[in-house]
Each structure stands twice: as C-alpha cells, then as structure tokens.
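Residues per chain are reported as follows:
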Amino acid sequence: MHISGLLIGMVLLALALPPKTAAQEAVLNILPLRPFSFDVSFNHRTFAPTRRVLTLQAGFTALQYGPLEVRTVYQYYSHHTPTFTTDQHSLYLNPRWNNFIDFLDFPKAWPINRVIRHVLFGPLENRAVPYIGAALGGTLPGRGEHSPGYLYGGQVGVRFPVIHGLSVDMGLQYTRFEIDFRGRSDLSEQWLFTIGFRL
C-alpha cells in the first residue's frame, strides 16, 4: 500500500474512534479559547520545486467538541529565483483529535497512555496535548495556472500551554496536492515540520 494511503487511512480511523470521555463532558464551542494559530513550516516536497524552504501558515479553530476540533488553515508558499517564480496558496480543513492517546487508559496499575506521556514528554507530561489530524482542501495554482487543485493529508503533533491564552504548537504533516509549475501540472508530496503558537 502506498505510504500516503496508509497514512490517510490511519488518520481517518483514529478520528472515527470516539474517545470515552467525549460522551461525558463534551460541549460544543464556537471559536473557543486560543482559536488563532500562526506557524512557520520547514518544507520538503517532491515536485515544484524539490528544494527545502520555509512556508508560512495561519489558521483558526472554528468548532470544538470535547477533545475534537475543526480548524481552517491558510498556507502561503513562495519561491523566487533568477530562473523561475512560484507562489502557491492552500486552504484546507484540519479536523483534530486532541489527547488521542488517552483512549489507552488501561490497565489500572500502569495505564499505557501515562507511560507514553512520561516517555515522550517527561516533566511536561501533564501539560502536553498530543493530537492527530487530517487535512482536506485545495491549492492555487493547481491543475492549471489559474485553476485550483485538491489537497489531502494527515498530521501528528503536540501542543504545550505556556500561559493563559498562549500555547506552543509543534507538528509533522504529510500532504499530497496538485500544483502547476512552469506550465506542467502534477501531484506533489510534501513533508512539513511546523512550529508556532496559538492565541
């Protein structure tokens, strides 16, 4: 199975599994606390062009229901050289499942989720908010210079609340999308390491 299909399947499966706490205290929030995010992404892609560059992105959380949230993200990519110029705009929905590892709250003596948190986050284990998410949207240029293309992918990351109203967010994201580059349209695979903040 292609790596992108496997990744997307895992993300969708994880998002489909309801955490056991969601039915107990889930409340629908519109534009919840810290809805806005700003990130810098370290970018590596397989087409148009293949160089490692920086990408800027901004987003906001539109809805939150218990540990589930739906974000909207805008991403801008620009690369200018003496031989070519490329500017790309992406807009996509980003559903996330926060604290997804907490469904592994067993056995009672040594809960798996607590062990994972301790190993990964050490003294910050009680403040860390690990998440898994998906990305689904579009890009411009896509199938043509003035035509949009599709975008899909998945991500995993962690958020650390710093002070009231401010969090630091780090994540790893994989996407596939259509892009037109130098008169040629093709699918590009992209890996992003993002770091930013939410307020």
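Refer to the structure printed above.
All values reported here derive from a predicted model rather than from experimental measurement. Every chain is numbered on its own, with residues counted from 1 as its sequence reads. pLDDT decides what is reported in this predicted model: residues at 70 or higher carry local features, side-chain atom pairs at 80 or more are listed and counted, and totals for whole chains, interfaces and linings draw on all residues regardless. With hydrogens and water stripped out, all remaining heavy atoms of the structure feed into the side-chain values.

Student: Is there a simple way to think about the side chain of glutamine 57 in this case?
Tutor: Per the convention used, a helix needs a DSSP run of H or I reaching at least four residues, while a strand needs a run of E reaching at least two, with both numbered from the N terminus. The residue glutamine 57 is located in strand β3 (residues 53-65) in this model. Under the scheme applied here, a residue whose accessible area is under 20% of the maximum for its type counts as buried, over 50% as exposed, and between as partly exposed, the area being computed with a 1.4 Å probe on protein chains only. Taking the relative accessible area as the measure of exposure, glutamine 57 reaches 9% and is therefore buried. Look past the residues within four positions of glutamine 57 in its chain and what remains in contact with it is Ser37, Phe38, Asp39, Ser41, Val73, Tyr74, Gln75, Tyr92, Leu192 and Thr194. Should any heavy atoms of two residues lie within 4.5 Å, those residues are considered in contact.

Student: Got a minute to help me understand the environment of asparagine 29 in this structure?
Tutor: Take asparagine 29: it is sitting in strand β1 (residues 28-30). The partly exposed category is assigned to asparagine 29, whose relative accessible area is 33%. Sequence separation between asparagine 29 and tyrosine 65 is 36 residues, and the spatial gap between their C-alpha atoms is 6.3 Å. Look past the residues within four positions of asparagine 29 in its chain and what remains in contact with it is Ala62, Leu63 and Gln64.

Student: Can you help me understand the pairing of strand β6 (residues 129-144) in this one?
Tutor: Look at any regular strand and the pattern is simple: side chains alternate between the two faces of the sheet. As defined by bridge partners, strand β5 (residues 85-98) adjoins β6 across eight bridges and the pair is classed as antiparallel. Within β6, the residue paired with asparagine 98 across the bridge is tyrosine 131. Two strands qualify as a pair provided that DSSP identifies no fewer than 2 bridges between them. Relative to strand β7 (residues 147-163), β6 runs antiparallel, the two sharing twelve bridges. Paired with glycine 138 across the strands is tyrosine 150, a residue of β7. The loop that links β6 with its antiparallel partner β7 comprises two residues.

Student: Whenever I open this one, helix α3 (residues 112-121) confuses me. Can you help?
Tutor: In an α-helix, one full turn covers 3.6 residues, which means residues spaced three or four apart are oriented alike. Residues of α3 that are buried: Asn113, Arg117 and Phe121. Each buried residue of α3 sits inside an arc of 40° when the element is viewed along its axis, so together they form one side. Looking one or two residues past α3, glycine 122 carries a phi angle of roughly 55°, positive in sign. Each C-beta atom gives one direction from the helix axis, and the arc is the one those directions make.

Student: I keep staring at the packing of aromatic side chains and nothing clicks. Help me out?
Tutor: The geometry of an aromatic ring pair is captured by the separation of the ring centres together with the interplanar angle, meaning the angle of the planes. Between rings of Phe, Tyr and Trp, where Trp is taken as its six-membered ring, a pair exists when centres lie within 6.5 Å; planes separated by under 30 degrees are stacked, by over 60 edge-to-face, and by other angles tilted. Summed over the entire model, instances satisfying the criterion amount to seven aromatic pairs. Pairing phenylalanine 121 with phenylalanine 160 gives two aromatic rings, centres 6.0 Å apart and planes at 85°, and the pair type is edge-to-face. In this pair, phenylalanine 121 is assigned in helix α3 and phenylalanine 160 in strand β7, connecting sequence segments 39 residues apart. Taking relative accessible area as the criterion, phenylalanine 121 reaches 14% and is therefore assigned buried. Residue classification places phenylalanine 160 among the buried positions, given a relative accessible area of 15%. Taken together, the ring pairs connect Trp97, Phe100 and Phe103 into an aromatic cluster. Sitting above the plane of the tyrosine 77 ring, arginine 45 keeps its charged end 3.8 Å from the centroid. Geometrically, a lysine NZ or arginine CZ counts as sitting over a ring once it is within 6 Å of the ring centre and also within 35 degrees of the ring normal. The residue whose ring lies beneath arginine 96 is tyrosine 131, and the NZ or CZ to ring-centre distance is 3.7 Å.

Student: Explain empty space enclosed by the protein here, please?
Tutor: The rolling of a water-molecule-sized probe over the atoms marks out the regions of remaining empty space. Site definitions follow a grid-based scheme: protein atoms alone, a 1 Å grid, a 1.4 Å probe that fits but cannot get out for cavities, and for pockets an open set with protein on both sides within 12 Å along at least five of seven lines, plus lining residues having an atom within 4 Å of a point. Grid points are joined across faces, edges and corners, and a volume is the space filled by probe spheres set on the points. Per the counting criterion, the structure on display carries one cavity of 30 Å³ or more. Estimates place the volume of the largest cavity at around 90 Å³. Along its surface, the largest cavity is lined by 15 residues, and Asp39, Gln57, Arg96, Gln155 and Thr194 are the ones closest to its centre. Among the secondary structure elements, those contributing two or more residues to the lining of the largest cavity are β2 (36-45), β4 (68-80), β5 and β8 (166-181). Of the residues forming the lining of the largest cavity, the biggest block, four residues, is contributed by β8. The residue classification treats Ala, Val, Leu, Ile, Met, Phe, Trp, Tyr, Cys and Pro as nonpolar and Asp, Glu, Lys and Arg as charged. All others, Gly included, are polar. Here the lining of the largest cavity is built from residues that sort into four nonpolar, seven polar and four charged.

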